[in-house]
Amino acid sequence: MFDLTDKVALITGGSRGLGLQIAEAYLEAGASVILTARKQHELDDAKAHLTLLNSTYSDKVKVISIDLQKLEEIPAMVTAIRAEFGEIDILVNNAGTSWGAPMEDHPLDAWHKVMNLNMTAPFVLTQEVGKQSMIPRQQGKVINIASIGGLGGNRPEMNMATISYNASKGAMVNFTKALACEWGKYNINVNALCPGFFITKLSEKLLEGMS
């Protein structure tokens, strides 16, 4: 059931946290993985980590440094990936960010930053992967990393003011539902995961504030 031999998975935000853990699972199942993130040194560390887990992973892990908020660079990245590594079978939209501020004080530029990376970038990337690689072949898997925070608000006692994050992840949930309906005719599966808290660089400050 879980044999992904000869499959290629593109994982955004793959240099650490949940993205890196997903990469480990895909490699174990036989897939090749392409990890994207902004910082090259973190990508290099991620590849070294994966290679230490299993030396055979060395040739199955590729890394690409890109800032997905630079939306104009996404189409060329997808084209380059296909030219160098082949078709993309699995897309994991995992890259994301958050901003902590109460609604009444939330900066507008911070709102745009969160929505741009958490929602607009996955929209553009999924569109490109779909048009270039999945729709022509009538197959593909898209996995969107949403959040339990996308299913509602935060309890007051949690002391978390993350309205832009919650809103972006709520949008991701419904984006997933709408796209699953739209692309089902192409035999492309679109699903979302809504994790709770994992100990990652993104969540550690929020968890400290709750303690």
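Computed from a predicted model, the values in this text were never measured in an experiment.

The next point concerns the overall build of the chain. Across its full length, the chain holds six helices and six strands. Sequence-ordered secondary structure for the chain, helices as α and strands as β, is β-α-β-α-β-α-β-α-β-α-β-α. For 211 residues, the compact-globule formula gives about 17 Å, and the C-alpha radius of gyration of the chain, at 17 Å, lands near that figure. Burial statistics for the chain: of 211 residues in total, 44% are counted as buried. Once local pairs closer than 6 in sequence are excluded, the contacts in the chain between residues at least 24 apart make up 73%. On the chain, roughly 10,900 Å² of surface is accessible, and the fraction owed to carbon and sulfur atoms is 55%.

The subject of this paragraph is the packing of helix H1 (residues 17-28) against helix H2 (residues 40-53). At a minimum axis distance of 11 Å, the contact between H1 and H2 shows a crossing angle of 35°. Seen from above, H1 lies across H2 with right-handed handedness. Only Ala46, His49, Leu50 and Leu53 of H2 make contact with H1, whose side of the interface consists of Leu20, Ala23, Glu24 and Leu27. Along the lines of polarity and charge, the residues of the contact of H1 with H2 split into six nonpolar, one polar and one charged.

The α-helix advances 3.6 residues per turn, and as a result positions three or four apart in sequence lie on the same side. With twelve residues, helix H3 (residues 74-85) should reach 16 Å at 1.5 Å per residue; the first-to-last C-alpha distance of 16 Å fits that figure. Taken as a whole, H3 has its buried residues at Ile74, Met77, Val78 and Ile81. Down the axis, H3 shows its buried residues gathered within 100° of arc, on one side only. The exposed set on the far side of H3, more than 90 degrees from its buried face, consists of Ala76 and Ala83. Buried-residue contacts for H3 involve strand S1 (8-12), strand S2 (32-37), strand S3 (61-65) and helix H4 (108-134). Gly86, located one to two residues past H3, shows a positive phi value of around 100°.

Our focus in this paragraph is the packing of H4 against helix H5 (residues 163-183). With their axes 8 Å apart at the nearest point, H4 and H5 run at an angle of 15° to one another. As judged from the angle between their axes, H4 and H5 are roughly parallel. The hand of the H4/H5 crossing is right-handed. Residue-level contacts link Trp111, Val114, Met115, Asn118, Met119, Pro122, Phe123, Thr126, Gln127 and Gly130 of H4 to Ile163, Ser164, Tyr165, Ala167, Ser168, Lys169, Ala171, Met172, Phe175, Leu179 and Trp183 of H5.

This part covers the sheet that holds strand S6 (residues 188-193). Strand pairing in a sheet is mediated by backbone hydrogen bonds. Such pairs are either parallel or antiparallel. As summarised here, the arrangement of the six strands in space is S3-S2-S1-S4-S5-S6, forming an open sheet in which the pairing is parallel. The sheet is open, and its two borders are formed by S3 and S6, each paired with just one other strand. This sheet shows a mean twist of 15° between the axes of neighbouring strands, independent of strand direction. Contacting S1, S2, S3, strand S4 (90-93) and strand S5 (140-145), H1 runs over the sheet at an angle of about 170° to S1. Across the sheet, H2 lies against S2 and S3, angled at about 170° from S3, the strand it touches most.

Two descriptors summarise a pair of aromatic rings, namely the distance from one centre to the other and the angle between the planes of the rings. Counted by the stated rule, this structure contains one aromatic pair. On the basis of an interplanar angle of 65° and a centroid distance of 6.4 Å, the ring pair of Phe123 and Phe175 is categorised as edge-to-face. You can see Phe123 sitting in helix H4 and its partner Phe175 sitting in helix H5, a full 52 residues away along the chain. Given the relative accessible area of 16%, Phe175 is considered buried.

Here the focus is the layout of surface pockets. Over the atoms, a rolled probe matching the size of one water molecule traces out where space is still vacant. Its boundaries defined by the atoms lining it, the second largest pocket holds a volume of some 260 Å³. Lining the second largest pocket are 13 residues, with Leu4, Asp89, Ile90, Gly140 and Lys141 sitting closest to its centre. Among the secondary structure elements, those contributing two or more residues to the lining of the second largest pocket are S5 and S6. If one sorts the elements of the lining of the second largest pocket by residue count, S5 sits on top with four residues. Here the lining of the second largest pocket is built from residues that sort into five nonpolar, five polar and three charged.

Reading the values: the criteria
Residues numbered from 1 in each chain as written. Predicted model: local features only at pLDDT ≥ 70, side-chain atom pairs only at ≥ 80, totals over all residues. Heavy atoms only, no water. Helix = DSSP H or I, 4+ residues; strand = E, 2+ residues; numbered from the N terminus. Rg over C-alpha atoms; globule rule 2.2 N^0.38 Å. Buried < 20%, exposed > 50% of the residue type's maximum accessible area, 1.4 Å probe, protein only. Contact = heavy atoms within 4.5 Å. Areas by Shrake-Rupley, 256 points an atom, 1.4 Å probe, with all protein chains shown as cover. Axes fitted to C-alpha atoms, helices over the stretch in contact; angles between N-to-C directions. Left-handed = near helix turned anticlockwise from the far one by under 90°. Nonpolar A, V, L, I, M, F, W, Y, C, P; charged D, E, K, R; others polar. Expected span 1.5 Å × (residues − 1). Arc of directions from axis to C-beta. Parallel < 35°, antiparallel > 145°, perpendicular 65-115°, else oblique. Pairing = 2+ DSSP bridges. Phe/Tyr/Trp six-rings, centres within 6.5 Å; stacked < 30°, edge-to-face > 60°. 1 Å grid on protein atoms, 1.4 Å probe; cavity = no way out; pocket = protein on both sides within 12 Å on 5 of 7 lines; lining within 4 Å. Points joined across faces, edges and corners; volume = space filled by probe spheres on them.

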